[in-house]
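# Observations on chain architecture
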Amino acid sequence: MTDHTEEQEMEAEALAAIFETHFKVVDGGDAASAKNPDVTREWTIDLYPEHASDDDEELQSLNHVSIQLHIRLPPHYPGEDDADLPKLQVRILKGLAQDPHGVELQALAEEEASANRGLPSIYAVAEKLREWLVEHNRPGLDDTSAYASMLRKQEKEKKKAAAAAAEFESQTAQEELTAAEKEELEIRKRRAEGMPCTKENFEAWKTRFEAEMATVGANQSTGGGGGADETAADKKPAAVAAMATTTASAATASRLTGYDYFSSRSTNLEALEAAAEQAAAEYNDEDDDDEAAAAAEGTAPPNHVNEDLFDDDVDLDDLDFDDEDDDDEEDDDDDDDDVDI
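Treat the numbers as computed from the prediction; the structure is a model and nothing was measured.

For the rest of this paragraph, the subject is the pattern of salt bridges. Under the counting rule described, the total for this entry stands at four salt bridges. A salt bridge links R117 to D82; the shortest N-O distance between them is 2.5 Å. Of this pair, R117 sits in the loop between α4 (98-115) and α5 (122-135) while D82 sits in the loop between β3 (66-73) and β4 (87-94); the two residues are 35 residues apart in sequence, bridging distant segments of the chain. For R117, a relative accessible area of 28% corresponds to the partly exposed category. Overall, D82 belongs to the exposed group, its relative accessible area being 57%. The shortest N-O distance in the salt bridge between E127 and R130 comes to 3.1 Å. With E127 and R130 both in helix α5 and three residues apart, this pair spans about one turn of that helix. By relative accessible area, E127 is classed as partly exposed at 21%.

Time to look at the nonpolar core. Of all hydrophobic cores here, the largest spans 26 residues; its most connected members are I45, L47, I122 and L129. Of all the elements, α5 adds the most residues to this core, at six residues. Ignoring anything within four residues of it in the chain, the contact list for I122 reads E11, L15, W43, I45, I71, L73, Y77, P86 and L88.

Attention shifts here to the packing of α4 against α5. Between α4 and α5, the shortest axis-to-axis distance is 9 Å and the interhelical angle comes to 145°. Seen along the crossing, α4 lies across α5 with a hand that is right-handed. Seen from α4, the contacting residues are H101, E104, L105, L108, A109, E112 and A113; seen from α5, they are A124, V125, K128, L129 and W132. Its residues assigned to classes, the contact of α4 with α5 shows eight nonpolar, one polar and three charged.

Tracing the backbone shows A113 in helix α4. Accessibility expressed as a relative area gives 4% for A113, which makes it buried. Sequence separation between A113 and A126 is 13 residues, and the spatial gap between their C-alpha atoms is 9.9 Å. Ignoring any residue separated from it by four or fewer positions in sequence, one finds A113 in contact with L85, P86, L88, S121 and V125.

What counts and what doesn't
- Residues numbered from 1 in each chain as written.
- Predicted model: local features only at pLDDT ≥ 70, side-chain atom pairs only at ≥ 80, totals over all residues.
- Heavy atoms only, no water.
- Salt bridge = Lys/Arg side-chain N within 4 Å of Asp/Glu carboxyl O.
- Helix = DSSP H or I, 4+ residues; strand = E, 2+ residues; numbered from the N terminus.
- Buried < 20%, exposed > 50% of the residue type's maximum accessible area, 1.4 Å probe, protein only.
- Core = buried A, V, L, I, M, F, W, Y, C linked by side-chain atoms within 4.5 Å.
- Contact = heavy atoms within 4.5 Å.
- Axes fitted to C-alpha atoms, helices over the stretch in contact; angles between N-to-C directions.
- Left-handed = near helix turned anticlockwise from the far one by under 90°.
- Nonpolar A, V, L, I, M, F, W, Y, C, P; charged D, E, K, R; others polar.

As structure tokens, then:
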């Protein structure tokens, strides 16, 4: 079994699963044909706008049109050559006229098969035809009278005009959007590049700069006395600049340097040490005066500490604390006896 034969069998299985009973194998489906790569296979697919089973009468009633697609597959389908394209034939089953509907559907099927050259294309062709049936699913299309033909022609012209108008609006909107995008790109480009430094731009800037410098020099040459040509607008920038300079100088003058900062800290430490030494000396002088006054009066000086209270010869282990505890226990027993009586 060649690769083309295998692809055809797999495509037949897929179509049978999709279209169920509406797909039929007319020829080339037996075991003998499967082993012969030169056999031409034939299939048919019944197409409806709404896919429904034969038992669903309510859904079948919604289908006003239907067709049958007859397919003959060359031995080397799907191939790249024209001879390998499937041979298709559209047959009207319900609600359509062979001319013009059959002719239009036949051309649509062949066009779709050619667009899918080299690929399994039967499902794509069937789906394209079914979309056409969905769009034209209404009763009366099989009426071949002159009046019906005129109505169909008018309807076709209306659809064509509507499609052209929609395409024109879409194209116009796209062109407008493109113009807006171009303008946005130009703005972004100018922002990124800034003003180019050309000779003309430089000369214009130089002229403005020299004129401004000449005006400033003229104002300074007047000594700031407020000449007749000097206006309030000319005085204001100079006053603001002078005020800013004065403020900056004052701030700089009041700012401590690193040396001043550390020198001031050293001075503060020395002052604190001197104050501590002076306080200690004054305290010692007061103690000496108190001792001298107490000696003259024969009394103990203020803040005198009796060192005998801190005699190191006294051993606390020699003290008898048990006797006092025993006496306390005996007193407690006597109290208990009195209560019992």
